[in-house]
Amino acid sequence: MLTDQFNRVHNYLRISLTDKCNLRCAYCNPVDLPRGYFKGSARMTAGEIEQIVAVFVTQGVKKIRLTGGEPLVRKDAGEIIQRISKYPVELAISTNAVLVDKYIDVFKDAGIQSVNVSLDSLTREKFFAITRRDEFNRILDNIYLLLQNKFHVKINVVVMKNVNDDELNDFIAWTKHLPVHIRFIEFMPFAGNDWSREKVFSYQEMLAVIATQYKFLKLQDAKHDTDKKYLVPGYEGTFAVISTMSQPFCSGCNRMRLTTDGKMKNCLFSKTEVDILGALRSGVDIAPLIQQCVWDKEKALGGQFTPYDENFDASSISNRRMINIGG
Ligand code: SAM
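Residues numbered from 1 in each chain as written. Predicted model: local features only at pLDDT ≥ 70, side-chain atom pairs only at ≥ 80, totals over all residues. Heavy atoms only, no water.

Q: Explain the sheet that holds strand S8 (residues 181-186) residue by residue, including any values.
A: As summarised here, the arrangement of the 12 strands in space is S9-S10-S11-S8-S7-S6-S5-S4-S3-S12-S13-S14, forming an open sheet in which the pairing is mixed. Since the sheet does not close on itself, it has two edges, and those belong to strand S9 (217-218) and strand S14 (274-275), each with one partner. Against the sheet, helix H1 (residues 46-58) engages strand S3 (12-16), strand S4 (63-67), strand S12 (255-258) and strand S13 (263-265), with an angle of about 170 degrees to S3. (Pairing = 2+ DSSP bridges. Helix = DSSP H or I, 4+ residues; strand = E, 2+ residues; numbered from the N terminus. Contact = heavy atoms within 4.5 Å. Axes fitted to C-alpha atoms, helices over the stretch in contact; angles between N-to-C directions.)

Q: Lay out the site of the ligand with the relevant residues and their values.
A: Taken together, 20 residues lie near the ligand, and Tyr27, Gly69, Glu70, Ser118 and Met188 sit nearest. Within the backbone of Met188, an N or O atom sits 2.8 Å from a nitrogen atom of the ligand. A total of 550 Å² of accessible area belongs to the ligand in isolation, and the protein chains cover 94% of it. Looking at the shell around the ligand, the elements that each hand over two or more residues are strand S5 (90-95), strand S7 (152-159) and S8. Grouping the constituent residues of the shell around the ligand by class yields 8 nonpolar, 10 polar and 2 charged. (Near = heavy atom within 4 Å. Polar contact = N/O pair within 3.5 Å; in protein donor to acceptor, adjacent residues only side chain to side chain. Areas by Shrake-Rupley, 256 points an atom, 1.4 Å probe, with all protein chains shown as cover. Nonpolar A, V, L, I, M, F, W, Y, C, P; charged D, E, K, R; others polar.)

Q: With reference to specific residues and values, describe the pairing of S3.
A: For S3, a buried count of 5 out of 5 residues is recorded, marking the element as mostly surrounded by other parts of the structure. Pairing of S3 with S4 involves 5 bridges; the strand directions are parallel. From the neighbouring strand, Ile15 faces S4, where its bridge partner is Leu66. (Buried < 20%, exposed > 50% of the residue type's maximum accessible area, 1.4 Å probe, protein only.)

Q: Give me the packing of H1 against helix H2 (residues 77-84): which residues, what numbers.
A: Running from N to C, H1 and H2 point in directions that differ by 25 degrees, and their axes come no closer than 10 Å. Overall, the two elements H1 and H2 adopt an arrangement that is roughly parallel. Two packed elements cross with a definite hand, and for H1 against H2 that hand is right-handed. On H2, the residues touching Ala46, Gly47, Ile49, Glu50 and Val53 of H1 are Glu79, Ile80, Arg83 and Ile84. Of the residues belonging to the contact of H1 with H2, the class tally is 5 nonpolar, 1 polar and 3 charged. (Parallel < 35°, antiparallel > 145°, perpendicular 65-115°, else oblique. Left-handed = near helix turned anticlockwise from the far one by under 90°.)

Q: Go over the environment of Met44, please, and point to the residues and values.
A: Among the secondary structure elements, Met44 is positioned in the loop between S3 and H1. Ignoring any residue separated from it by four or fewer positions in sequence, one finds Met44 in contact with Ile15, Ser16, Ile49, Ile52, Arg74, Leu258, Thr259, Thr260, Asp261, Gly262 and Leu277.

Q: A description of a positive patch on the surface should follow, citing residues and the corresponding values.
A: The grouping of Arg35, Lys39, Lys75, Arg132 and Arg133 at the surface amounts to a positive patch. With respect to the helices and strands, Arg35 occurs in the loop between S3 and H1. Note on Arg35: relative accessible area 45%, which makes it partly exposed. (Patch = residues over 30% accessible without salt bridge, like charges linked within 9 Å, V, L, I, M, F, W, Y side chains within 5 Å. Salt bridge = Lys/Arg side-chain N within 4 Å of Asp/Glu carboxyl O. Lys, Arg positive; Asp, Glu negative; His and termini not counted. Charge placed at Lys NZ, Arg CZ, Asp CG, Glu CD.)

Put into structure tokens, the structure is as follows:
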């Protein structure tokens, strides 16, 4: 069992397959960045990913999410999904859905049941302004394809002040006849993403806007949930807020991350990384490294900031860009 100094048991691993993406969201992968930083032998191969997964499973991992970058742009994504599906874990994926139609059978064969899709706007024009790619219609079609094929679909919306905060109630309206779970995410600071507190549209602000049009009920959240869930009575879908910046949920955290270059991070905001891939390639037993990495986890937010620190300077954060971590 992977336990840290605060008695948190860690059984959920998120693996970044690539730091390439077919969208160019300004807050994550701006157009001026090279297309993927880790290439060739800098990246874990499919076989190495499987070897590392096998060790994590012996350490008690029960859930694995594949992410990126955009995991489905990796040419051997199908092989990796198929390899991991042999292990006794719940397998899930986060994707922008641009390529989902090409992988729907792979998902089914692998027993994937839940797919997280990013979608920051319900208008084609604003979607293009945020992502710099004209993929809105293809993504919508793929969301409907996932639903037709009985996948549980969660839609991730990064809410930013004066960018898309005017669309909260449009997303809720969308759930009237569509059984999707919308997750409004507070904008988080990473290297090079031009974050400032003024751009964060907070949990409380979101609820206040939604309350202007809807009556909603609080749903029960599970211990490790990152989202605070709500239901508009009579609606097929639900919604939630991921309040990392205003009300972090670190006390229930059970997550670990593996970057595409094989570095383990014990928190999205951790300053430190452990070189799991380098150790594996040198023939070193990686289990003790994984255990130590979890043990060393900070109590909250990587020890880098606190929710209400007015003097917090995002440029002081020591971390990768989100695209190079894996969201
Ligand atoms: N390409 C996949 C996708 O679109 O879901 C997986 C990677 S993406 C980095 C994972 C999630 O992180 C997306 O929902 C994205 O919007 C979110 N994200 C990226 N940067 C963020 C930030 N600064 N604050 C909050 N969420 C962010």
